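Observations on the model geometry
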Amino acid sequence: MGNEDRDEQVLYEMMPHVATQIRLALAGVYVAASRLAPAEKRAKDPELDKNAAMLLQGYFRLLRLANELDAAPLLAGRGPLPTQNTELVEWTQALILEAQPLFELRGVTLRMQCALRSHVVAVHRAHLRRSLWQLLGNALKFTNPGGFIKVTLDELPGAPVGYGRYRFTVSDTGIGMSPEFVEHIFDPFERERTSTISGIQGTGLGMAITKNLVDMMHGTISVKSTQGKGTSFTVELTLQLACEGATAAAQEAKTQHVDPSHRLRHSRILLVDDNDLNREIAITLLEDEGFTVEYAVNGCEAVEKIMDAPSGHYQLVLMDVQMPVMNGYEATRAIRALPDAEKAALPIVAVTANAFDEDRQNAAKAGMNGHLSKPFDMQQLLAMIENILP
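All of the points below concern the structure found in this document. (Residues numbered from 1 in each chain as written. Predicted model: local features only at pLDDT ≥ 70, side-chain atom pairs only at ≥ 80, totals over all residues. Heavy atoms only, no water.)

Quick look at the packing of helix α5 (residues 125–141) against helix α8 (residues 206–216)
A pair of packed helices can be characterised by two numbers: the angle between their axes and the separation between those axes. Following both chains from N to C, one finds α5 and α8 inclined at 150°, their axes separated by 9 Å at the closest point. Here α8 runs roughly antiparallel to α5, going by the angle between their axes. Judged by the sense of rotation from one axis to the other, the crossing of α5 with α8 is left-handed. The residues of α8 that touch α5, namely those facing His127, Arg130, Ser131, Gln134, Leu135 and Asn138, are Gly206, Met207, Ile209, Thr210, Leu213, Val214 and Met216. Of the residues assigned to the contact of α5 with α8, the class counts are six nonpolar, six polar and one charged. (Axes fitted to C-alpha atoms, helices over the stretch in contact; angles between N-to-C directions. Helix = DSSP H or I, 4+ residues; strand = E, 2+ residues; numbered from the N terminus. Parallel < 35°, antiparallel > 145°, perpendicular 65-115°, else oblique. Left-handed = near helix turned anticlockwise from the far one by under 90°. Contact = heavy atoms within 4.5 Å. Nonpolar A, V, L, I, M, F, W, Y, C, P; charged D, E, K, R; others polar.)

With respect to the packing of aromatic side chains
The full count for this structure, using the stated rule, is one aromatic pair. Seen in terms of ring centroids, Phe186 and Phe233 are 6.4 Å apart; in terms of plane orientation they differ by 70°. Their pairing is edge-to-face. Linking Phe186 in the loop between α6 (179–182) and α7 (193–197) with Phe233 in strand β7 (residues 230–241), this pair joins segments that are 47 residues apart in sequence. Taken as a pair, Phe186 and Phe233 share a single burial class, namely buried. (Phe/Tyr/Trp six-rings, centres within 6.5 Å; stacked < 30°, edge-to-face > 60°. Buried < 20%, exposed > 50% of the residue type's maximum accessible area, 1.4 Å probe, protein only.)

Here we look at the sheet that holds strand β9 (residues 292–296)
Spatial ordering of the open sheet is given by β9-β8-β10-β11-β12, a layout of five strands whose pairing is parallel. Of all the strands in the sheet, just β9 and β12 (370–373) have a single pairing partner and so form its edges. Averaged over all pairs of adjacent strands, the angle between strand axes in this sheet comes to 25°, irrespective of strand direction. Where strand β10 (residues 316–319) and strand β11 (residues 348–352) come together, three bridges link them in parallel fashion. Note on β11: the bridge partner recorded for Val317 is Ile348. Relative to the sheet, helix α11 (residues 276–288) contacts β8 (268–272), β9 and β10, its axis offset from that of β9 by approximately 160°. (Pairing = 2+ DSSP bridges.)

See the structure below:
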């Protein structure tokens, strides 16, 4: 590897750490904005509502930039995640529903079109999610208020036996791109000249990351665009169909699904983090969801709290990894070795500044039940809790 390649590798490896600091700062901004301008006050004060909307738009813009930086190591050849059996239609609908508030904030209509019935497939769920979010974010960035964005999911013919071919299309009525730029849109750090003129900011990494993600899933991505009319990105994937047992289990889980907040609302969580600001943000987010939160400032204190508390007092531990006195891995091993079987089996989720495969593997080796990157997404946390709590 030459010096230039090594420099590029170091740059890509550094970007997620920068992204983490940006997201941590943004989490504080979001909590403060929510406290200063809650929904009930915004409804009564148009000027406050206008200013809060501007603040939130800036928040989402910076968050999107941080997410692009966080995914930069994918450009350096990071491997794909293991596949997960996924009900594709329902999963895509949930993603669109999650994105809807941001589009409404910008005054852009987001719709999904799908004629498929249930399709349970094995997919790199994290890669597909990030790919679609990149495409949605790109469409939103270049579509003015009053515009329209449509996500279409189709099944294509010609799949091998045991597989299905699927096409995701994200089309918008935005400003479009020049033919010259379309030729280089998947190159790192490429940005359209009209982006700068119109004041639209970005890293120039988003589409390069998306291309790499699709390549890792052994798919294809293409783009059509007309200046002044809009852009359409198409992703085609060949995905292995789940076996009949997995399909039946997915359907049963779907019929038995309940709102996770219903049964988790009164759960008691032990939050372990040595950073005061991180703790305050996390406690605010968790308490807003109805959780009862206690905290410890290092792994040793966390172990002592669990030992001193009666069995069943805590339902979950959110564990930072890098802490003084005793780190999160050491604390987890100590908890797993407790003589009380119920305490030793307490679900523990790592909450760290890193989100690479080796970090997830290290968390699993230490005996942790899951891994989230800081600042954690509440919907991801709720979904994880629903899966790991009995």
